[in-house]
Amino acid sequence: MNITDVILAGLGLAMDAVAVGMTDGMTNPKMRTRRLLLIALLFGAFQALMPLLGYALTKWLSGLNEELFEAVASVAAFVLLAEKGRKMIFDAGKE
C-alpha cells in the first residue's frame, strides 16, 4: 500500500464522516448550519488523518524489524478478521 492508497482511503473515510454529520443534522432540523459544518469538518479531518498516521507508524515499525512486523501483522489481521466474521455469524443467528 503506497501513500496514494492511504490518501484515497482517508478521503473515502472523510466522505463517510461527512455523511454521518449530515445525518446528525437531519435528525435535528433546528441545528444551525455552522454546527452541522463543524461536525462534518471534524469527522472528516480525523478520519482523513488516521490512515496517514497509521501509514507513518507502520513504516516506522516495519523499519525496526521487518520480518517480525510482517509475521505479527499477518497474525493480527487474521485474528481481527476471524473475530469480525464470528461476530457477524453470531449476530445473524440472533434474529
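Residues numbered from 1 in each chain as written. Predicted model: local features only at pLDDT ≥ 70, side-chain atom pairs only at ≥ 80, totals over all residues. Heavy atoms only, no water.

1. Things to note about the overall build of the chain
Alright, step 1. On a plain count of helices and strands, the chain comes out with 3 helices and 0 strands.
Alright, step 2. Along the chain, helices (α) and strands (β) appear in the sequence α-α-α when read from the amino end.
Alright, step 3. With the C-alpha coordinates of the chain rotated into their principal frame, the extents come out at 55 × 40 × 15 Å.
Alright, step 4. Split into buried and exposed, the 95 residues of the chain put 13% on the buried side.
Alright, step 5. Accessible surface for the chain amounts to roughly 7,800 Å². Of this, 71% is attributable to carbon and sulfur atoms. (Helix = DSSP H or I, 4+ residues; strand = E, 2+ residues; numbered from the N terminus. Buried < 20%, exposed > 50% of the residue type's maximum accessible area, 1.4 Å probe, protein only. Areas by Shrake-Rupley, 256 points an atom, 1.4 Å probe, with all protein chains shown as cover.)

2. Quick notes on helix α2 (residues 33–64)
Since there are 3.6 residues in each turn of an α-helix, residues three or four apart along the chain are aligned in direction.
Alright, step 1. For α2, which comprises 32 residues, the first-to-last C-alpha distance of 47 Å matches the rise-based estimate of 46 Å (1.5 Å per residue) to within 8%.
Alright, step 2. Among the residues of α2, those classed as buried are I39, A40, G44, P51 and S62.
Alright, step 3. Looking at the packing, one finds that the buried side of α2 touches α1 (3–27) and α3 (66–94). (Expected span 1.5 Å × (residues − 1). Contact = heavy atoms within 4.5 Å.)

3. Digging into the pattern of salt bridges
Alright, step 1. Taken as a whole and judged by the stated rule, the model has 2 salt bridges.
Alright, step 2. When the shortest N-O distance is used, the salt bridge between R86 and E83 registers 2.7 Å. Residue R86 and its partner E83 are located together in helix α3, separated by 3 residues, close to a single helical turn.
Alright, step 3. Owing to a relative accessible area of 45%, R86 belongs among the partly exposed residues under this scheme. (Salt bridge = Lys/Arg side-chain N within 4 Å of Asp/Glu carboxyl O.)

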